[in-house]
Amino acid sequence: MSVVAIIPARGGSKGIPGKNLKLIGGVPLIGRAIQSCKNVAEISDVYVSTDDAAIAEVARQYGAKVIDRPAELASDSASSESALLHSLANISPKPSTTVFIQATSPFIPEIALRAAVQKVEARTFDVVFSAVETYGFLWRKNAELAEGVNHDSSFRPRRQDREPHYLETGAFYVMNTTGFEEAKYRFFGKVGIEEVPESSAIEIDNAEQLALSQLIAESPIADVSPLYAKALVMDFDGVHTDDHAYVTAEGIESVRVSRSDGLGVSRLRDKNFPMLILSKETNPIVTTRGNKLGIETIQGIDDKLPVLKEWAAKKGLNLADIAYIGNDVNDLPCLNAVGYPISPADGRREVKDVVAIVTTRKGGRGAIREIADRILAGLK
């Protein structure tokens, strides 16, 4: 049994040129889709099918494998199914389950995606797709006259007296691979619905939807979906602190930290979860804080990536399984190397442009707790 995700992402979008590379919350759309897949433990590999070199480069940066999409399968008239079938023909061994993800859905609910995968893997359904519940009254035009579609226009039942309908969001379709290859279309056999929150239903097809998605991504609503990282590495200044220092006349420095962050670290420590503070700062306050939290600390490091690699090797960890929280440009090499690059809400723009996750909370003000809670959710 194996599960792979395939994300068709052609480069010739006419409505919004370069749509799949547009930034939402500082992350390209294609990057957000890849990271959502990587956060689902059952998905072993993520493939991006594209005809565009820039999309391919970004996809690889976010840890996906790239399948070159032929020009005849990348036209306006080419179906998504054709790209999926071409991709499956180039994937070996063949997966038991195929997850079709659309990068134009910027807020893929990872908990729902995982539930859908589990249902198809268990053969409860052949296909499970994302949809939102709706009680809306639908109408159509018939020779310019309005007709009710899902209701009798002569009778208006109360909401509680009506059965809900379900609106397909387009975010994900999870399919039994053999059944899909035989049918050659996405709905076959036993089809199930995975309900998702209305907040995740937006799909970007025009400039207005792009602008709305960017506003939503900047909103102070924390993402509580699980992270399936196997270790957490943190910078100190700007992550454990608010990037400010208090200096007395005697030259003694002190910093402000968050008790909430400390509790998040403590809860991870109780699970024997590997953690490391990796800092350029030479002030002994860094190690003092690490000792207080009971986690390993390495400080005074200018070039962090070799140290991170050495630490990971000693722990038997792959960089792809590590979550790294950094806020400034000296963290970029590490952020570009790990599978879960994270910035606090007030991180530098250069950092936000490359990470997969931007917390809703600032450094020293709950950013670590936010990530710790998501990691803990993934450990359950």
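As a reminder, the structure under discussion sits directly above these lines.
Within any chain, residue numbers begin from 1 and follow the written order of that chain's sequence. Totals for whole chains, interfaces and linings use every residue, but because this is a predicted model, local features are given only for residues with pLDDT of at least 70 and side-chain atom pairs only at 80 or more, for both listing and counting. Neither water nor hydrogens contribute to the side-chain values; these are computed over all heavy atoms in the structure.

Look at the link from S92 to P93: it is a cis peptide, with omega at 0°. Tracing the chain through its elements places P93 in the loop between α3 (80-89) and β6 (97-101). Notably, K184 is not glycine yet its phi reads approximately 70°, a positive angle. Labels follow the DSSP assignment, with helices taken as runs of H or I lasting at least four residues and strands as runs of E lasting at least two, numbered in each case from the N terminus.

DSSP calls a pair of strands paired once it identifies at least 2 bridges connecting them. Strand order in the open sheet formed by 7 strands is β5-β4-β1-β6-β10-β7-β11, and the pairing between neighbours is mixed. The open sheet has two edge strands with one neighbour each: β5 (65-68) and β11 (191-195). Each strand axis lies, on average, 30° off the axis of its neighbour in the sheet, ignoring direction. Relative to β5, strand β4 (residues 45-50) runs parallel, the two being bridged by 4 bridges. Within the sheet, the bridge partner assigned to S49 lies in β5 and is I67. Contacts were defined at the residue level, with two residues in contact if any of their heavy atoms lie within 4.5 Å. Lines fitted to the C-alpha atoms define the axes, with helices restricted to the stretch that makes contact. Angles between their N-to-C directions range from 0 to 180 degrees. Where helix α2 (residues 53-61) meets the sheet, its contacts fall on β4 and β5, and the angle it forms with β4 comes to roughly 170°.

Our focus in this paragraph is the pattern of salt bridges. By definition, a salt bridge exists where a carboxyl oxygen of Asp or Glu is found within 4 Å of a side-chain nitrogen of Lys or Arg. Applying the stated criterion across every chain, the model contains 18 salt bridges. Two residues, K119 and E194, come together in a salt bridge whose shortest N-O distance is 2.7 Å. Of the two residues, K119 is situated in helix α4 (residues 110-121) and E194 in strand β11; the sequence distance between them amounts to 75 residues. The buried label applies to any residue whose accessible area, calculated with a 1.4 Å probe on protein chains only, is under 20% of its type's maximum; exposed applies above 50%, and partly exposed to all values in between. Taking relative accessible area as the criterion, E194 reaches 11% and is therefore assigned buried. The salt bridge partner of R365 is D242, with a shortest N-O separation of 3.8 Å. Of the two residues, R365 is situated in the loop between β19 (357-358) and α12 (367-379) and D242 in strand β13 (residues 241-247); the sequence distance between them amounts to 123 residues. By relative accessible area, R365 is classed as partly exposed at 44%. Judged by relative accessible area, D242 falls into the buried class, the value being 10%.

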